[in-house]
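Here's the letter readout for the chains.
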Amino acid sequence: MTKHFLELQDISPDKLVSYFTLADEYYDASQGKESRDDLSGKTVANLFFEDSTRTANSFYLAGRRIGASVLDFTGAGSSLSKGETLLDTARNIYAMGIDCFVVRHVSPGAPAMIADALDVPVINAGDGAHEHPTQGLLDVYTMYRELGAVEKFKGLTVAIVGDILHSRVARSLCFALKTLGSRVILVGPRTLVNKHFEAFGVEISYSLDKVLAEVDVLYFLRLQRERMSSGLVSSLKEYKFLYGMTQNRMALCKDDVKIMHPGPINRGVEIDPEVADGPNSLILKQVTCGMASRMAVLYSLIGEKSD
Ligand code: NCD
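Definitions and limits used
- Residues numbered from 1 in each chain as written.
- Predicted model: local features only at pLDDT ≥ 70, side-chain atom pairs only at ≥ 80, totals over all residues.
- Heavy atoms only, no water.
- Helix = DSSP H or I, 4+ residues; strand = E, 2+ residues; numbered from the N terminus.
- Rg over C-alpha atoms; globule rule 2.2 N^0.38 Å.
- Buried < 20%, exposed > 50% of the residue type's maximum accessible area, 1.4 Å probe, protein only.
- Contact = heavy atoms within 4.5 Å.
- Areas by Shrake-Rupley, 256 points an atom, 1.4 Å probe, with all protein chains shown as cover.
- Lys, Arg positive; Asp, Glu negative; His and termini not counted.
- Charge placed at Lys NZ, Arg CZ, Asp CG, Glu CD.
- Near = heavy atom within 4 Å.
- Polar contact = N/O pair within 3.5 Å; in protein donor to acceptor, adjacent residues only side chain to side chain.
- Nonpolar A, V, L, I, M, F, W, Y, C, P; charged D, E, K, R; others polar.
- Domains from an automatic or database assignment.
- Pairing = 2+ DSSP bridges.
- Axes fitted to C-alpha atoms, helices over the stretch in contact; angles between N-to-C directions.
- Buried area = accessible area lost by both parts, 1.4 Å probe.
- Salt bridge = Lys/Arg side-chain N within 4 Å of Asp/Glu carboxyl O.
- Right-handed = clockwise from strand over helix to strand, strands pointing away.

J.: Give a detailed account of the overall build of the chain, specifying residues and quantitative values.
T.: If you tally the helices and strands in the chain, you get 11 helices and 9 strands. Here the C-alpha atoms of the chain give a radius of gyration of 19 Å, agreeing with the 19 Å that 2.2 N^0.38 yields for 307 residues. Across its three principal directions, the C-alpha atoms of the chain cover 55 × 45 × 35 Å. Per-residue burial over the chain gives 55% buried out of 307 residues. The long-range share in the chain, meaning contacts at least 24 apart out of those at least 6 apart in sequence, stands at 74%. In the structure as shown, the chain presents an accessible area of about 13100 Å², 50% of it carried by carbon and sulfur atoms. Taken together, the 33 basic and 38 acidic charged side chains of the chain have centroids lying 3 Å from each other.

J.: Can you explain the site of the ligand? Please cite residues and give values.
T.: Around the ligand sit R54, T55, R104, H132, Q135, R168, V169, R222, Q224, P262, G263 and P264, and those are all the residues in its vicinity. Here Q135 contributes a side-chain N or O atom positioned 3.2 Å from a nitrogen atom of the ligand. Protein coverage of the free-state accessible area of the ligand, which is 320 Å², stands at 94%. If you list the elements that add at least two residues to the shell around the ligand, you get α2 (54–65) and α6 (168–179). Grouping the constituent residues of the shell around the ligand by class yields 3 nonpolar, 5 polar and 4 charged. Summarising the domain contributions, the shell around the ligand has at least three residues from each of domain 1 (13–131 + 287–302) and domain 2 (133–282).

J.: Can you break down the sheet that holds strand β6 (residues 183–187) residue by residue, with the values?
T.: The parallel open sheet is built from 5 strands, whose spatial order is β7-β6-β5-β8-β9. Bordering the open sheet on either side are β7 (203–205) and β9 (258–260), each of which pairs with just one other strand. Neighbour-to-neighbour, the strand axes of this sheet turn through a mean angle of 20°, independent of strand direction. With 4 bridges connecting them, strand β5 (residues 157–161) and strand β8 (residues 217–220) associate as parallel partners. Considered in β8, the bridge of I160 is made with Y219. Against the sheet, α6 contacts β5, β6 and β8, and its axis sits at roughly 160° relative to β6.

J.: Any details on unusual backbone geometry? Residues and values, ideally.
T.: Here the residue pair G263 and P264 is connected by a cis peptide bond, since its omega of -5° sits within 30 degrees of zero. With respect to the element layout, P264 can be found in the loop between β9 and α10 (273–276).

J.: Residues and numbers for the domain arrangement of the chain, please.
T.: Splitting the chain by domain gives domain 1 (13–131 + 287–302) and domain 2 (133–282). Taken over C-alpha atoms, the centre of domain 1 sits 26 Å from the centre of domain 2. On the domain 2 side, the residues contacting the 27 residues of domain 1 number 26 residues. With both chains or domains summed, domain 1 and domain 2 bury close to 2200 Å², and 64% of this area falls on carbon and sulfur atoms. Contact with domain 2 buries area across many residues of domain 1, yet L16, F20 and E131 alone supply 29% of it, more than any other trio. Across the domain 1-domain 2 interface, the total number found is 2 salt bridges.

J.: Kindly report on the pairing of strand β3 (residues 100–105), identifying the contributing residues and their values.
T.: Counting buried residues in β3 gives 6 out of 6 residues, a clear majority hidden from the surface. Of the two faces of β3, the one lined by C100, V102 and R104 and the one lined by F101, V103 and H105 are each fully buried. Direction of pairing for strand β1 (residues 43–48) relative to β3: parallel, over a ladder of 5 bridges. Looking at β3, one finds that N46 is bridged to V102. Taken together, the 4 bridges between β3 and strand β4 (residues 122–127) define a ladder with parallel strand orientation. Across the sheet, F101 pairs through a bridge with V122, a residue of β4. Between β3 and its parallel partner β4, the chain crosses via helix α4 (residues 110–117), and the hand of that crossover is right-handed.

J.: Mind laying out the pattern of salt bridges, listing which residues take part and the relevant values?
T.: Applying the stated criterion across every chain yields a total of 15 salt bridges. E214 serves as the salt-bridge partner of R183, at 2.9 Å between the closest nitrogen and oxygen. One end of the pair, R183, is in strand β6; the other, E214, is in the loop between α7 (208–211) and β8, and 31 residues separate them in sequence. Residue E214 is classed as partly exposed on the basis of its relative accessible area, which comes to 34%. In this structure, D277 and R267 form a salt bridge, with 2.9 Å as the shortest nitrogen-oxygen distance. Here D277, found in the loop between α10 and α11 (283–302), pairs with R267, found in the loop between β9 and α10; they are 10 residues apart in sequence, far enough to count as distant. We classify R267 as partly exposed; its relative accessible area is 47%.

Shown next, in the form of structure tokens:
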């Protein structure tokens, strides 16, 4: 059966740990310090129908640095504007001899639709507000590298702060953290934190200040204004006052609290530059760990010894 990497909702703890082990093996290659040919002879096609900086480039370099040929396709400038459907686009690129698709699309389910239609492994690189599983994986892998042992996730409290409602990143991260046994608190205004998340075993707080002292990781999200109907936040000033991460708020946290963000950052809104660039920030480390995590996913789907 063709394997895919479409969501983290039902992933097992063992599977997550197996990705950590592979990512550790690729860590040097992910930095460009070692060149590998694990995927030589394979072609990965990145199909990005929605904007991306980190995810698209990271998949490109991840594939290249372990030996794959990588085709970068963006919807802009393609025959989609002439009425070609998503599936026909994918079918035509598949006919060029592709071993794996990496798909980002504004519609939830688009990567799964390609996975259903074609006999080729598909990686979801973000589908609407559904999931962004390689982001969730790289986030927990970044934490794992800080913690040093998988068992330590059980003692970890993570607050995910901001626009939970529109965030595929938050969903994938919740699933990964709950799978590993961590405590997760979702923090944001009532309009952006939907109660139905409680079904995933997470807690909800509408006050950031109330949780600061108890968390080990603060994970901030951008206000996803492109996915928002208007009026969900009254003003950016008020949002920042209630939920923006500032140096003053840092003083209320544990000394070794870790600050994370998937990017792109809106400096001065959800996070101040002094915090984003400060000593507790793991934000760029997430990007580095993303390379290794994506190498691990690519290898596990199309590598020689893929299981
Ligand atoms: C996110 C995305 O596109 O889902 N960014 C990312 O992939 N690192 C988050 C966002 O757009 O805010």
